[in-house]
Structures are given as structure tokens and as C-alpha cells.
Amino acid sequence: MDLSKLSIVFKIVIIGIVYIIIFWALRIMYKDVKNGSKRGRNVNRKSFGLEVVNPGENANLRKGAVIPVRREITIGRKGDNQLMLEDPYTSGHHARIYIKNGKECILEDMGSTNGTLLNGKKLRGKHYLASGDEIKIGNTSFKVIG
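Residues numbered from 1 in each chain as written. Predicted model: local features only at pLDDT ≥ 70, side-chain atom pairs only at ≥ 80, totals over all residues. Heavy atoms only, no water.

## With respect to the UniProt feature "domain: FHA" (unreviewed entry) in the protein chain
Next, step 1: If you check UniProt for "domain: FHA" (unreviewed entry), the listed places come out as residues 73–123 in our numbering.
Next, step 2: Each end of residues 73–123 is marked by a C-alpha atom, and these two atoms are 17 Å apart; helix forms 0% of the span and strand 45%. (UniProt positions renumbered as here; feature names shortened; annotations may be inferred. Helix = DSSP H or I, 4+ residues; strand = E, 2+ residues; numbered from the N terminus.)

## Overview of the UniProt feature "transmembrane region" (unreviewed entry) in the protein chain
Next, step 1: Under the local residue numbering, the UniProt record ascribes the feature "transmembrane region" (unreviewed entry) to residues 6–30.
Next, step 2: Here residues 6–30 runs as 100% helix and 0% strand, with 36 Å between its end C-alpha atoms.

## Some points on the sheet that holds strand S5 (residues 95–100)
Next, step 1: Spatially, 5 strands are ordered S4-S3-S5-S6-S9 in an open sheet, and the strand pairing comes out mixed. Sheet topology places strand S4 (83–84) and strand S9 (126–129) at the edges, where each strand pairs with a single neighbour.
Next, step 2: Bridge count between S5 and strand S6 (residues 104–109): 6 bridges; the pairing is antiparallel. Considered in S6, the bridge of Arg-96 is made with Glu-108. (Pairing = 2+ DSSP bridges.)

## Observations regarding the sheet that holds strand S11 (residues 140–145)
Next, step 1: Spatially, the 6 strands line up as an open sheet ordered S2-S1-S11-S10-S7-S8, and their pairing is antiparallel. Strands at the two margins of the open sheet, each flanked by one partner only, are strand S2 (66–69) and strand S8 (121–122).
Next, step 2: Two strands pair when backbone bridges link them, and strand S1 (residues 48–54) and S11 are joined in this way by 5 bridges, in the antiparallel orientation. Following the sheet pairing, Glu-51 is matched in S11 by Lys-143.

Written out as C-alpha cells, the structure is:
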């Protein structure tokens with residue numbers, strides 16, 4: 001085979017590789033532009049938190065502190081909870097707060113002995129939370145923010 005023919009083959013291969021790289025780059029950019037609007041939807045997600053109104057006997061909490069609620073937070077006296085309360089009136093697994101559909105915050109009593117108070121009333125099962133709601137577990141109370 002002639003060197004000139006080999007040179008032409010290499011030129012065609014290099015041009016083909018350049019076109020493939022350009023095609024991949026354009027494809028990636030198209031996907032980024034197309035999915036960019038989906039990322040914007042996350043801006044509408046609400047963020048929730050619990051502001052400590054009364055820390056009770058808990059050394060790990062202070063008044064005015066904010067505990068963020070991202071996906072789920074379990075509350076109780078046992079060490080496997082995300083929020084551990086040192087309160088004799090708190091059950092081992094007392095309550096849980098979780099986010100549903102990125103927009104709604106739900107409080108659920110986990111069958112606690114002394115119950116969970118929501119705005120001064122004993123909670124039965126699950127309840128949707130709104131900003132400003134007050135949660136009382138034992139001697140500890142929180143205000144929902146978000």
C-alpha cells in the first residue's frame with residue numbers, strides 16, 4: 001500500500017473521530033439544556049425545620065436552635081433516633097416527622113405512652129404540619145418553621 005493512500009485513510013479516521021466527539025458534546029449539552037428546567041422545579045420544594053421553643057431537660061438542645069427536617073427525622077429516647085430526647089416522658093421511639101412529595105410535612109405518633117401534642121391537642125396517627133404549629137413531646141416543645 002502506498003504511503004499517500006495510508007495518509008488519506010488516517011485523515012478520514014481522524015475526521016471521523018472529531019465528528020464523533022462533536023456529536024457526543026452536542027448530545028450532552030442538549031440533555032443539560034433539556035433537563036435544566038427539571039432542576040428548576042426543586043426550587044419550589046419547601047424546607048422545614050423545628051425550632052426549639054422549650055428544650056426541657058435536654059442538654060443537647062438549646063432554646064432557639066433549629067433542627068432541619070430533610071427527608072425524615074425520628075424522635076425518641078433511644079440512641080437510634082435522629083433526635084434523641086433525654087426526657088422521662090418520652091418513649092423510646094416516640095414520633096417521626098417526614099416530608100411527602102417534597103412539599104408536605106407530616107407528624108406521626110409512633111404509639112408513644114404519653115402521646116404527642118400538636119397545638120395543645122393529643123395527636124392520633126398522622127397529621128399534616130403547617131408553619132407555626134407547636135409540637136410538644138414530654139417536656140420538650142418545638143415550633144414548625146418553613
